[in-house]
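# A look at the structure
Residues per chain are reported as follows:
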Amino acid sequence: MNPGVEDLARLGCERILIFVAEEDYLTVAAKNYYEKLKRSGWKGTVELVENEKEDHCFHLLDLDGDKAEEMRHKFVLFLR
């Protein structure tokens, strides 16, 4: 997850939604990607959603949990 700024600036999509879990080992990399994308000159919109006190794949381990449902709802709204 460390593409060059030039590559990010040429992304063909208009929107990106990034989910992170606060206690996930990938959180730092995802946040860095988010910041790099914002600075790249890419013309789209990016949103970062952080789930506090959660770990990697939390939404799959508790499918009926409030945070998992919120995450699915946000993803569905993003796709519309």
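Residues numbered from 1 in each chain as written. Predicted model: local features only at pLDDT ≥ 70, side-chain atom pairs only at ≥ 80, totals over all residues. Heavy atoms only, no water.

### Structural notes on the pattern of salt bridges
What the rule picks out here adds up to four salt bridges. Glu47 serves as the salt-bridge partner of Lys74, at 2.8 Å between the closest nitrogen and oxygen. Here Glu47 lies in strand 2 (residues 45-51) and Lys74 lies in helix 4 (residues 66-79), a separation of 27 residues in the sequence. Look at Lys74 and you get partly exposed, because its relative accessible area is 30%. For the salt bridge of Lys67 with Glu54, the shortest nitrogen-to-oxygen distance reads 3.7 Å. Linking Lys67 in helix 4 with Glu54 in the loop between strand 2 and helix 3 (58-61), this pair joins segments that are 13 residues apart in sequence. The class for Lys67 is partly exposed, based on a relative accessible area of 29%. (Salt bridge = Lys/Arg side-chain N within 4 Å of Asp/Glu carboxyl O. Helix = DSSP H or I, 4+ residues; strand = E, 2+ residues; numbered from the N terminus. Buried < 20%, exposed > 50% of the residue type's maximum accessible area, 1.4 Å probe, protein only.)

### Brief notes about the packing of aromatic side chains
For the coordinates displayed, the defined rule picks out zero aromatic pairs. When the ring centre of Phe78 is taken as reference, the NZ or CZ atom of Arg15 above it lies at 4.2 Å. (Phe/Tyr/Trp six-rings, centres within 6.5 Å; stacked < 30°, edge-to-face > 60°. Lys NZ or Arg CZ within 6 Å of the ring centre and 35° of its normal.)

### Focus on the side chain of Asp24
Inspection of the secondary structure puts Asp24 in the loop between strand 1 (15-21) and helix 2 (27-39). Among buried charged residues, Asp24 stands out as having no salt bridge; its nearest opposite-charge side chain is Lys31, 11 Å away. Of note is the side chain of Asp24, whose polar atom sits 3.0 Å from the backbone nitrogen of Leu26. A distance of 2.7 Å separates polar atoms of two side chains, one belonging to Asp24 and the other to His56. Contacts of Asp24, omitting those with residues within four sequence positions, involve Glu54, Asp55 and His56. (Lys, Arg positive; Asp, Glu negative; His and termini not counted. Polar contact = N/O pair within 3.5 Å; in protein donor to acceptor, adjacent residues only side chain to side chain. Contact = heavy atoms within 4.5 Å.)

### Section: the confidence of the model for the protein chain
Residues with a pLDDT of 70 or more make up 99% of the protein chain, whose mean pLDDT is 93. Across the protein chain, the secondary-structure element scoring lowest on mean pLDDT is helix 1 (residues 5-9), at 87, and the one scoring highest is strand 1, at 97. (pLDDT = per-residue confidence, 0-100.)

### Brief notes about a negative patch on the surface
A cluster of acidic residues, Asp62, Asp64, Asp66, Glu69 and Glu70, forms a negative patch at the surface. If you trace the backbone, Asp62 turns up in the loop between helix 3 and helix 4. (Patch = residues over 30% accessible without salt bridge, like charges linked within 9 Å, V, L, I, M, F, W, Y side chains within 5 Å. Areas by Shrake-Rupley, 256 points an atom, 1.4 Å probe, with all protein chains shown as cover. Charge placed at Lys NZ, Arg CZ, Asp CG, Glu CD.)

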